[in-house]
Amino acid sequence: MQKQLIGQPILRKEGLEKVTGRARYVDDLTFPEMLHGVTVRSPIARGRILGISFGDGIPWHEFTIVTAKDIPGANCVALILEDQPYLASEVINHPEEPILLLAHADKYLLEEARRAIKFDIEPLPAIFSIEDSLQKTEVIWGEDNVFKKFLIEKGNVDAVWSQADFIVEGEYETGAQEQLYIETNGMIAIANPAEGVTVWGSMQCPYYVHKALIKLFGLEPKKIRVVQATTGGGFGGKEEYPSIIAGHAALLAWKSGKPVKMIYDRAEDMAATTKRHPSRTRIRTAVTKEGKLLAAEVDFTIDGGAYATLSSVVLSRGTIHAAGPYNWPNVRVHSRAVATNHPPHGAFRGFGAPQSIFAMERHLNKVAQTVGVSPEELRRRNFLKPGETTSTGQVIHERIDLDALLTRALTLSNYHAKKQRFAEFNAESATEKKGIGFATFMHGAGFTGSGEVYLASVVGAEATETGKVRVLTSNTEIGQGSLTIFSQIAANALGIDVSQIEIAQPDTANVPNSGPTVASRTTMIVGKLVESAALGLKQTLVGSGLLGETYSTEDFAAACRAHLTKHGELKSFSKYEPPPGVHWDDEKYQGEAYGTYAWAVYVAEVTVDLATYEARVDDFVALQEVGKVIHPVLAAGQIEGGVAQAIGYALYENVVWQNGRMINNQMTNYIMPTSADLPPIRVYFEELPYAFGPSGAKGIGELPMDGPAPAILNAIEDAIGSPVNRIPLLPETLMKVMTAGVANG
Ligand code: MOS
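Remember, it's a predicted structure, so these values are computed and weren't measured experimentally.

Caption draft 1: Spotlight on the overall build of the protein. Within the protein, the regular secondary structure consists of 19 helices and 28 strands. Against the globule reference of 27 Å for 745 residues, the protein gives a C-alpha radius of gyration of 26 Å, in line with a compact fold. Burial status across the protein gives 62% buried among its 745 residues. Expressed as a percentage of contacts within the protein between residues at least 6 apart in sequence, the contacts between residues at least 24 apart total 81%. The distance from the centre of the 69 positive side-chain charges to the centre of the 85 negative ones in the protein is 2 Å.

Encoded structure:
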């Protein structure tokens, strides 16, 4: 009998390869006659290119030089709006914008050459803040600097203000954040008119790169091949950006006729590639004196940077998550993504939700204080319950009990006793203040609304010559453990040993398009397709009489081999079908925004040092309902990593901008928390199986990014008695707030 695989911490599929150094990342690959490539970038934020000069002392004839004029197809990065060029030719819209590409066999000479190129640019006025963009201080994109707007309306917000006992208003801001994947962006390309274009590299979404290269080269899809190399982290930072570096490497390869490798160093990666969108949220709420929420009006704006990229979808997710897991009878969320002259902001774990959830979870503590109830009581009186509806009118069908989830999280963190003890401690202490706070939230898994229907993802499974099962998917292992999870799901579905499962390398010449590796969709959406594709193999074998109703792993392998002998191949494909009852109105922004949500309560305990004004998280409880845990170690790892990243977002990671450029673009001065800065992160799961996830699993990749920042700032308010509503919250801000009584929101 096959032992139960789901819920077991089996060995990580690629673990041995990674720990022994055998895994081959893109920079480990090399090709005969390979050149290295670099990008020469704009030194300023906005301007008109007048000329390019090539300095003395460089053997320029040895170099491959590519400008916009060398592009064989369209000079635009195919994504959503196609406003971003691969290489700027006339106008510059952000610092570090690519203008010219260079390739040479000697990396060091290449670096000297890069520095010897000077651009003559006539500067144009630039804008760097949401405020300036909204005010149209300068119109830099379209007619009004607005990439996208959304409006969600439920009930009648305007009718409620006059009945409210309290009206509470607040403004909340979040900063940019760098993904800081361990491996920087990198690609290798081979490209020529006869064979087409092939790229190998670090990425989340091979078919996004594929689509972009088709447009850039004006070639048929069959002439473009994209292969994922072992990838050292992504977090969204390798969602859209790899299309750019892949295109650049391929343009150099096309012109030079040689393989070209481009690897960014850390400084370039930090300065030039996407980061999390900064945001500003204004919330106005109506509430009764009993603490019943009557209405919310949320105004949510994100800074998209200079080009549209993925801002519209980041905005969408942020907009839908803005109202939180509460039963608002009336709510209006209006939102916009605006242009600035920053490098484009992009996908980053959470995808807009961490920003708007930060605002709402801080705001509700303000509401609680205004009404005179505890933050806990306020939430309990307003939690969404089964049968009630979210801001988009989605009826909650699952039996989620947020009251019970909150009770458990507060018990696990010893919240009430600590709150009491810290109040006593703070009254006495002149050196430190302590506090405890929490946030409650939800995160929808998979593409928003009809997104999964449009994606129409496909996964395949095939029998190998030795009778193993190979899963064919374009979803990528980026450190999150998808190879292991897919193996567990396939082996479990077939009732065979997990060692019998292989996962094909994501290669667009060999795997179907199963959609991008984003949006917490890999386990829940793609995993379900892995399960059904695997079951398709079994059905064929049973149907043809090669396999009985009960069988061993060996019987299954023998049946596969017998089928191959007879028919040459055994393959099965499965295509996404939406679960019944999921309807989304993309115009009105109403309906089932997601198939399901994961639900969570996070509790943070903090100490603020009164000498240095440093805030430190001392303990962290992360409790979440996730449908079903497929692999307990990987699931806990996802939560721990996300919480750590979000602690950085809240307290440490500060992008310092100067005229639109990140100037602290090194890991020595962009401070992220190390293990020494992190508390014990205590992870707990609850399981309410989701009928349309594999074995009931929901997506959890982004969830842990949403809750820590508001939980920590709620704890800091508990410690110091003053509200702070902007992150990152650095010691210098805390000092101002605590010494001068400067209000910060
Ligand atoms: Mo993402 S931030 O959905 O890779």
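Caption draft 2: A look at the pattern of salt bridges. Taken as a whole and judged by the stated rule, the model has 47 salt bridges. Here R114 ties to E268 by a salt bridge, and the two come within 3.3 Å at their closest N and O atoms. One end of the pair, R114, is in helix α2 (residues 107-116); the other, E268, is in helix α6 (residues 266-272), with 154 residues separating them in the sequence. Residues R114 and E268 agree in their burial class; the two are buried. A salt bridge links K418 to E605, with the shortest nitrogen-to-oxygen separation between them at 2.6 Å. Here K418, found in helix α11 (residues 415-428), pairs with E605, found in strand β23 (residues 597-609); they are 187 residues apart in sequence, far enough to count as distant.

Caption draft 3: Expanded view of unusual backbone geometry. Across the junction of I727 and P728, the peptide omega takes the value 0 degrees, indicating a cis bond. With respect to the element layout, P728 can be found in the loop between β28 (726-727) and α19 (731-739). One non-glycine residue, A456, lies in the positive phi region at around 50 degrees. With respect to the helices and strands, A456 occurs in the loop between α12 (451-455) and β17 (458-463). With a phi close to 60 degrees, Y613 is a non-glycine residue in the positive phi region.

Caption draft 4: Region of the structure containing the sheet that holds strand β5 (residues 98-104). Strand order in the open sheet made by the seven strands is β3-β5-β1-β12-β9-β10-β11, with mixed pairing throughout. Here the strands that pair on one side only, and so sit at the sheet edges, are β3 (64-66) and β11 (224-228). For this sheet, the mean angle separating the axes of adjacent strands, direction not counted, is 20 degrees. Summarising the sheet, β3 and β5 pair through three bridges and their orientation is antiparallel. Bridged to V66 within β5 is L101.

Conventions used here
Residues numbered from 1 in each chain as written. Predicted model: local features only at pLDDT ≥ 70, side-chain atom pairs only at ≥ 80, totals over all residues. Heavy atoms only, no water. Helix = DSSP H or I, 4+ residues; strand = E, 2+ residues; numbered from the N terminus. Rg over C-alpha atoms; globule rule 2.2 N^0.38 Å. Buried < 20%, exposed > 50% of the residue type's maximum accessible area, 1.4 Å probe, protein only. Contact = heavy atoms within 4.5 Å. Lys, Arg positive; Asp, Glu negative; His and termini not counted. Charge placed at Lys NZ, Arg CZ, Asp CG, Glu CD. Salt bridge = Lys/Arg side-chain N within 4 Å of Asp/Glu carboxyl O. Pairing = 2+ DSSP bridges. Axes fitted to C-alpha atoms, helices over the stretch in contact; angles between N-to-C directions.

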